[in-house]
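Commentary on secondary and tertiary structure
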Amino acid sequence: MPTLTTIIIGDEYVPKKMIEDNYIASIKQHYTIDSKTNIHYSSIKDIKLILSNLDIVENQILCIIWIRSGATKFLDVILPAQRYLNKFLKNNNNLLLFTEALEPFNYIPVLQRFFKKENLKQIKYLTCNIDITNEDNDIEIIKFDSFIPYNFPILELLSNKPINITTDFFIPTKTIRATKYTVTSMLKYAGLLESNEYTYTQPTPEDLDVNANKILLEKFKDSPEITLLQQSLTTTIEPNSIYIPKANKEVLGNRYGYTHINQELLDLHKTCMIGIVVEDFFYIWNKRLQKHDQFNLITEKIYNFIYCKKPFMMFQCKDFFKHFKEMGYKSFSPFINEDYDLIQDDITRFKAVIEEMKRITNLSQEEKLILQNNLIEVCEDNFNIMSEKYYNNNLLL
């Protein structure tokens, strides 16, 4: 029977109870560990000191959970630990688990660079990125439904009483970066924004470069739908006054408590027929657009709609629903056309989502009621799957 030692690295607001009750419990269940876990909390600067006081024993699992804080980088975690970890991996029965639980970045190339090739099979990478595959990787990838314990407890504090549907779509956006700016501009141009409920805050220069239009048009100049993008970016979106709460640190004790939910917003999730989820996967940084093509993850935005037993449509990377189903959930096809999920070009894919939104908007009230009834079972199933994962600490796949 292996033993488990866990090091949680974070400089502030580390959610100790959640990590121990959910994350570590899920790891123990995944690896069938019954023994008590040794848990150590460390800041970035104290990693080397913490490791120097740890004994290396045979048949040991060492899990490093990094909770990002400020401007720290993965190298800030790995460099001070490298010497100890290479020594740890000399025992062929030992396993090393890494996770930055709530970020979808792929650190496998970094791990491959810092550890010997013969030891890579002893390393497991736990990630919320449902898009990363094990192909051509010596390091095993374990999918981690890590957002559920952050979101679910807060949702349970709110009232989930049924409310009558008053709008076709609810489009919650918060910090307006390049992806959300692009999508909301296209929705505005299509006449789908103000005819539905949405949240939109005025972009700040820190989140969206003042030359965003020029940068976006240059980046997507080869898209078949560049003209549509150009026309969409001429629109002006009025910020609305719906309050978007920030960190629920009292509940979670961590800056990642940005679940962006309160009773008013939860009610808006419930009064829509279909939710619209916009996830950032391209950003403007230092006057350049940076884009991640394998950046699909299941965040609090999605779990808000699952909790309200609502179907949703995705403005995200290609193949989201393919990987969503691999995580055990169900998609909404054929009742909602999800062919857009197969389209490679981002702007063309966004256009296809909008066309499906238009089709649903133009349905008669009787047809909309039939659509809602057809989706009830799928939404109930997704709610039950999410709940089972939370209550049974079944977060690893």
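1. Focus: a positive patch on the surface
- On the surface, Lys48, Arg83, Lys87, Lys90 and Lys116 cluster together into a positively charged patch.
- Topologically, Arg83 is positioned in helix H3 (residues 74-88).
- Residue classification places Arg83 among the exposed residues on the basis of a relative accessible area of 76%.

2. Digging into H3
- The first and last C-alpha atoms of H3 sit 19 Å apart over 15 residues, in line with the 21 Å expected at 1.5 Å per residue.
- In H3, a bend of some 60° at Gln82 exceeds every other bend along the element.
- What H3 keeps buried is the set Phe74, Val77, Ile78, Ala81, Tyr84, Leu85, Asn86 and Phe88.
- Elements that come into contact with the buried residues of H3 comprise strand S1 (3-9), helix H2 (47-52), strand S3 (60-66), strand S4 (95-99) and helix H4 (108-114).

3. So, the sheet that holds S4
- Taken together, the six strands give an open sheet; going across it, the order is S2-S1-S3-S4-S5-S6, and neighbouring strands pair in parallel fashion. The sheet is open, and its two edges are formed by strand S2 (38-42) and strand S6 (140-143), each paired on a single side. When strand polarity is set aside, the average angle formed by the axes of neighbouring strands in this sheet is 20°.
- Across four bridges, the pairing between strand S5 (residues 123-127) and S6 is parallel. Note that in S6 the partner of Thr127 across the bridge is Lys143.

4. Let's talk about the packing of aromatic side chains
- Applying the stated criterion across every chain, the model contains 30 aromatic pairs.
- A ring pair is formed by Tyr307 and Phe383, whose centres lie 5.9 Å apart and whose planes are at 55°; its orientation type is tilted. Placement of Tyr307 in helix H11 (residues 300-307) and of Phe383 in helix H14 (residues 365-391) is noted, with a sequence separation of 76 residues between them. In this structure, Tyr307 and Phe383 share a single accessibility class: buried.
- Through a chain of ring-to-ring contacts, the aromatic side chains of Trp66, Phe74, Phe98, Phe105, Tyr107, Phe115, Tyr125 and Phe295 assemble into a single cluster.
- The ring of Tyr41 has Lys16 lying over it, and the distance from NZ or CZ to the ring centre is 4.7 Å.
- Lys309 extends its terminal NZ or CZ atom over the ring of Phe383, reaching a point 4.7 Å from the ring centre.

5. A look at the pattern of salt bridges
- Enumeration according to the criterion identifies 26 salt bridges in this entry.
- Linking Lys318 and Asp319 is a salt bridge whose minimum nitrogen-to-oxygen distance equals 3.0 Å.
- Close ionic contact of Arg359 with Glu356 constitutes a salt bridge, the shortest N to O distance being 2.7 Å. Here the residue Arg359 and the residue Glu356 both occupy positions in helix H13 (residues 346-361), the gap between them amounting to three residues, near one helical turn.
- The class for Arg359 is partly exposed, based on a relative accessible area of 37%.
- Its relative accessible area of 6% is what places Glu356 among the buried residues.

6. Structural notes on the packing of helix H5 (residues 148-156) against H14
- Where H5 meets H14, the closest approach of the two axes is 10 Å, and the angle between their N-to-C directions is 105°. Considered as vectors, H5 and H14 are oriented roughly perpendicular to each other. On H14, the residues that touch Ile148, Pro149, Phe152, Pro153 and Glu156 of H5 are Met386, Ser387, Lys389, Tyr390 and Tyr391.
- Grouping the amino acids of the contact of H5 with H14 by side-chain chemistry returns seven nonpolar, one polar and two charged.

Conventions used here
Sequence order as written defines the numbering, with residues in each chain counted from 1. With pLDDT at 70 or above as the cut-off, local features in this predicted model cover only qualifying residues; side-chain atom pairs require 80 or more to be listed or tallied, and sums for whole chains, interfaces and linings still use all residues. Note that the side-chain values use all heavy atoms of the structure and ignore hydrogens as well as water. Here, patches come from residues exposed beyond 30% relative accessible area and free of salt bridges, joined within 9 Å for like charges and within 5 Å for nonpolar side chains (Val, Leu, Ile, Met, Phe, Trp, Tyr). Only the protein chains shown count as cover for residues, with accessible areas throughout obtained via the Shrake-Rupley method and a probe of 1.4 Å. Any Lys or Arg side-chain nitrogen located within 4 Å of an Asp or Glu carboxyl oxygen qualifies as a salt bridge. Think of it this way: Lys and Arg go in the positive column, Asp and Glu in the negative one, and His and the chain ends go nowhere. Charge positions are represented by NZ for Lys, CZ for Arg, CG for Asp and CD for Glu. Each helix is a run of H or I in the DSSP string that is no shorter than four residues. Each strand is a run of E no shorter than two, and both are numbered from the N terminus. Under the scheme applied here, a residue whose accessible area is under 20% of the maximum for its type counts as buried, over 50% as exposed, and between as partly exposed, the area being computed with a 1.4 Å probe on protein chains only. In this scheme, a helix's expected span is set at 1.5 Å multiplied by one less than its residue total. Here the bend at each residue means the angle between axes fitted to two seven-residue stretches, the one ending at that residue and the one beginning there. Only heavy atoms matter for contacts: two residues are in contact if any of them lie within 4.5 Å across the pair. A pair of strands is labelled paired if DSSP reports no fewer than 2 bridges between them. Think of each axis as a best-fit line through the C-alpha atoms, taken over the contacting stretch in the case of a helix, with angles from 0 to 180 degrees between the N-to-C directions. When the centres of two rings from Phe, Tyr and Trp lie within 6.5 Å, Trp using its six-membered ring, the rings pair. Their planes under 30 degrees apart give stacked, over 60 give edge-to-face, and anything left gives tilted. Each ring is checked for a lysine NZ or an arginine CZ that lies within 6 Å of its centre and within 35 degrees of its normal; such an atom marks a charge sitting over the ring. Here is the rule for angles: anything less than 35 degrees is roughly parallel, anything more than 145 is roughly antiparallel, 65 through 115 is roughly perpendicular, and the remaining ranges are oblique. Residues are sorted three ways: Asp, Glu, Lys and Arg are charged, Ala, Val, Leu, Ile, Met, Phe, Trp, Tyr, Cys and Pro are nonpolar, and all the rest, Gly among them, are polar.

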